[in-house]
Amino acid sequence: KYGCDSLQCFQHLTIFDEYCKKKAWADAYESWSALMRNYPACSKNIYLRGTNVIQNKMKLAATGKEQQPWIDSLMMMWDSRIKYIMPTDRPQYGEAYCLGQKGIMLLKYRPNPIDEPYKILMRAVELGSDDITVLQNAMKAMIAMFKEQKVDVNTVVNNYILFSDRIDAKKKSFQTTIADPSQSEKAKTDAQTQLDDYTKGQAFIDQQFSASEAAQCDVL
C-alpha cells in the first residue's frame, strides 16, 4: 500500500495534505505527482484532491491544446482509482461510481468526439449507476450520438425509459423516507433535497428527449 519506501510515501502525503488544507493546488502538484507515480494505493485523498490539482493546471494552461495532457491525466487518475482504491473502498464508490464521474468529466472537458464519453457513461449505467448527474450526462451524450447518427432511435427510446425508471425508483425511496415518522428531521431534509434534485434531473431528461426526433409519435 505504501510502496517500497513507506517513509518517503508518508513525507509526500504530509506535504500534500498541508498544501490541500490551504487550497494551494499549484504547490501540491509535486507531491501529488510523486504519490500517483510511486504510491497509487496509499490514500484515497490523492484522488479526491487530485481533481483540484489537475483542474488548477488546466486553468493555468494558455490554450485548449495545452489543456489536453491534463485532461489525459484526469482520465488516468480515475483509471488508477478503479485499479488501486476501488477494491478496498465502500460499495457505493465502486466501478459504476468511478466510471460515472470519469464520463462526466470527459464530457465536460473533451466532448468531441462524443463516442468515448457516451461509452463510459453508458457503462456506468449498465453497472447500475442511478446517480442523477450520471443519468443526465448520459442522456446528453446519447442525444449527441443520435444527432450524429451513431445510435438509432430505439436506443434513445429504450434508454430514456431505463433512465426514467431508475429516477422513479430513487424518488420513491426518498418519498418513503420523508413519510416515515421514525426518521430523523435531518434524514427527512436530506431526502427532500435529493428528491428535488432527482425531480429537476427528470425534467432535464424529459426535455432532452422531447426535443429530439426520437420523441416523434410514429416512433413512440
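Presented here is an overview of the structure given in this document.

Parameters and conventions
Residues numbered from 1 in each chain as written. Predicted model: local features only at pLDDT ≥ 70, side-chain atom pairs only at ≥ 80, totals over all residues. Heavy atoms only, no water. Helix = DSSP H or I, 4+ residues; strand = E, 2+ residues; numbered from the N terminus. Buried < 20%, exposed > 50% of the residue type's maximum accessible area, 1.4 Å probe, protein only. Contact = heavy atoms within 4.5 Å. Areas by Shrake-Rupley, 256 points an atom, 1.4 Å probe, with all protein chains shown as cover. Lys, Arg positive; Asp, Glu negative; His and termini not counted. Charge placed at Lys NZ, Arg CZ, Asp CG, Glu CD. 1 Å grid on protein atoms, 1.4 Å probe; cavity = no way out; pocket = protein on both sides within 12 Å on 5 of 7 lines; lining within 4 Å. Points joined across faces, edges and corners; volume = space filled by probe spheres on them. Nonpolar A, V, L, I, M, F, W, Y, C, P; charged D, E, K, R; others polar. Salt bridge = Lys/Arg side-chain N within 4 Å of Asp/Glu carboxyl O. Phe/Tyr/Trp six-rings, centres within 6.5 Å; stacked < 30°, edge-to-face > 60°. Lys NZ or Arg CZ within 6 Å of the ring centre and 35° of its normal.

1. Focus on the overall build of the protein
Assigned secondary structure in the protein consists of 10 helices and 0 strands. When its C-alpha atoms are laid out on the principal axes, the protein stretches across 65 × 50 × 30 Å. Here the protein holds 220 residues, and 42% of them are scored as buried. Contacts in the protein between residues at least 24 apart in sequence constitute 59% of all its contacts with a sequence separation of at least 6. If you sum the accessible surface of the protein, you get close to 12300 Å²; carbon and sulfur atoms cover 50% of it. Charged side chains in the protein number 28 positive and 27 negative. The centres of these two groups are separated by 5 Å.

2. Digging into the layout of surface pockets
Roughly 230 Å³ of internal volume is contained in the largest pocket. Along its surface, the largest pocket is lined by 14 residues, and Gln 92, Tyr 97, Ser 129, Asp 130 and Asp 131 are the ones closest to its centre. If you tally residues by element for the lining of the largest pocket, the top one is helix H6 (residues 95–109), at 4 residues. Of the residues assigned to the lining of the largest pocket, the class counts are 6 nonpolar, 6 polar and 2 charged. In this structure, the second largest pocket spans a volume of roughly 180 Å³.

3. Focus: the pattern of salt bridges
Within this structure, the stated rule accounts for 10 salt bridges. In this structure, the salt-bridge partner of Lys 21 is Glu 18, at a minimum N-O distance of 3.5 Å. Remark: Glu 18 and Lys 21 occur in helix H1 (residues 6–21); sequence separation between them is 3 residues, near one turn of the helix. Look at Lys 21 and you get exposed, because its relative accessible area is 65%. Residue classification places Glu 18 among the partly exposed positions, given a relative accessible area of 38%. Here Arg 81 and Asp 89 are joined by a salt bridge, their closest N and O atoms 3.8 Å apart. Taking the relative accessible area as the measure of exposure, Arg 81 reaches 2% and is therefore buried. Since its relative accessible area comes to 18%, Asp 89 is described here as buried. Each member of the salt-bridge network shares a partner with another, and the members are Lys 44, Arg 81 and Asp 89.

4. Let's talk about unusual backbone geometry
Geometrically, the link from Asn 112 to Pro 113 is a cis peptide bond, its omega value of 0° lying close to zero. Along the polypeptide, Pro 113 turns up in the loop between H6 and helix H7 (115–126). The residue Lys 23 is not glycine, and still its phi comes out positive at about 55°. Mapped onto the fold, Lys 23 is located in the loop between H1 and helix H2 (25–38). For Gln 149, which is not a glycine, the phi torsion comes out positive at approximately 60°.

5. Regarding the packing of aromatic side chains
Overall, the coordinates contain 6 aromatic pairs when judged by the stated rule. Geometrically, the ring pair formed by Tyr 93 and Tyr 97 is edge-to-face, given 5.0 Å between the ring centres and 80° between the ring planes. Given the relative accessible area of 24%, Tyr 93 is considered partly exposed. Judged by relative accessible area, which is 25%, Tyr 97 ranks as partly exposed. Consider the rings of Tyr 160 and Phe 209, whose centres lie 4.0 Å apart with planes at 5°: the pair is stacked. Taken as a pair, Tyr 160 in helix H9 (residues 153–179) and Phe 209 in helix H10 (residues 185–210) lie far apart in primary sequence, 49 residues in all. Taking the relative accessible area as the measure of exposure, Tyr 160 reaches 18% and is therefore buried. Through a chain of ring-to-ring contacts, the aromatic side chains of Tyr 29, Trp 32 and Trp 70 assemble into a single cluster. Over the ring of Tyr 93 we find Lys 44, and its NZ or CZ is 4.2 Å from the ring centre. If you follow Lys 57 out to its NZ or CZ, it ends over the ring of Tyr 29, 4.4 Å from the centre.

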